[in-house]
Amino acid sequence: MLLLSPITLNGMTLANRIVLPAMVTRLSGDDGYVNQDVRERYLRFAHGQAGLIVVEAMSVHGGKSGPLLSIAEDRFVPGQAEMVRAIHDSSPSKVAAQIIHFLKIARSGWRQKVAALKRDEIATIVRQYAAAAGRVRKAGYDAVELHMAHAYTLSSFLSLRNRR
């Protein structure tokens, strides 16, 4: 059966074609660290031997985001690395981290828009993504996925260029 056969994607071989997509669970605390609930969730998927597990969106920058994982600073790497190691030790699953940036939103309804960003603010966002990708690698992930949907920063840049 094709679904359960290996596949190689850009040099990374998955044991099968089953992919767990990123889904924000809101299981992490407001501190952004991997906790026991988050670790156990992904270990359960690893025990099911999905070919690729994409860990839920993690912020590339500081700031309040509610119960969302973070990879914005080096202090988040040890918890991420421990979880990735546990997944790799318990299954053939590969693990990708989904990283996300979001602009400011006020309770009043005001939203920061990409069209209003200055060049230096855009350069900062680029650096935040690059630094986060480096931390993802340091944590032992097999891949990184950029979150580009739902009116978050990257999708807003795409929408800005869409003339439909």
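Details of the structure are given in the entry above.
Residues numbered from 1 in each chain as written. Predicted model: local features only at pLDDT ≥ 70, side-chain atom pairs only at ≥ 80, totals over all residues. Heavy atoms only, no water.

K.L.:
What exactly am I supposed to notice about the overall build of the chain here?
P.N.:
Looking only at helices and strands, the chain features 4 helices and 7 strands. Along the chain, from the amino end to the carboxyl end, the secondary structure elements read β-β-β-α-β-β-α-β-α-β-α. At 17 Å, the chain has a C-alpha radius of gyration in line with the 15 Å of a compact globule built from 164 residues. C-alpha atoms of the chain, sized along the principal axes, occupy 50 × 35 × 25 Å. Classification of the 164 residues of the chain by burial places 40% in the buried group. For the chain, the proportion of contacts with a sequence separation of at least 24, taken over those separated by at least 6, is 68%. Summing over all exposed atoms, the chain offers an accessible surface of approximately 9,600 Å²; the carbon and sulfur share of this is 55%. Between the centroid of the 22 positive side chains of the chain and the centroid of its 13 negative side chains there is a distance of 10 Å. (Helix = DSSP H or I, 4+ residues; strand = E, 2+ residues; numbered from the N terminus. Rg over C-alpha atoms; globule rule 2.2 N^0.38 Å. Buried < 20%, exposed > 50% of the residue type's maximum accessible area, 1.4 Å probe, protein only. Contact = heavy atoms within 4.5 Å. Areas by Shrake-Rupley, 256 points an atom, 1.4 Å probe, with all protein chains shown as cover. Lys, Arg positive; Asp, Glu negative; His and termini not counted. Charge placed at Lys NZ, Arg CZ, Asp CG, Glu CD.)

K.L.:
I tried to follow the packing of aromatic side chains on my own but got confused; where do I start?
P.N.:
Within a pair of aromatic rings, the relevant descriptors are the distance that separates the centres and the angle that separates the planes. The full count for this structure, using the stated rule, is 3 aromatic pairs. Ring centres of Tyr 42 and Phe 45 lie 6.5 Å apart, and the angle between their planes is 45°; this geometry places the pair in the tilted category. Here Tyr 42 and its partner Phe 45 are both found in helix α1 (residues 36–47), 3 residues apart, which amounts to about one turn of the helix. (Phe/Tyr/Trp six-rings, centres within 6.5 Å; stacked < 30°, edge-to-face > 60°.)

K.L.:
Would you explain the packing of α1 against helix α2 (residues 77–90) in this entry?
P.N.:
In a packed pair of helices, the relevant descriptors are the angle between the two axes and the axis-to-axis distance. Where α1 meets α2, the closest approach of the two axes is 9 Å, and the angle between their N-to-C directions is 20°. As judged from the angle between their axes, α1 and α2 are roughly parallel. Relative to α2, the crossing made by α1 is right-handed. Two secondary-structure elements touch here, α1 through Val 38, Arg 39, Tyr 42, Leu 43, Ala 46 and His 47 and α2 through Glu 82, Met 83, Ala 86, Ile 87 and Ser 90. (Axes fitted to C-alpha atoms, helices over the stretch in contact; angles between N-to-C directions. Parallel < 35°, antiparallel > 145°, perpendicular 65-115°, else oblique. Left-handed = near helix turned anticlockwise from the far one by under 90°.)

Interpretation in functional terms is not warranted from these geometric data alone.
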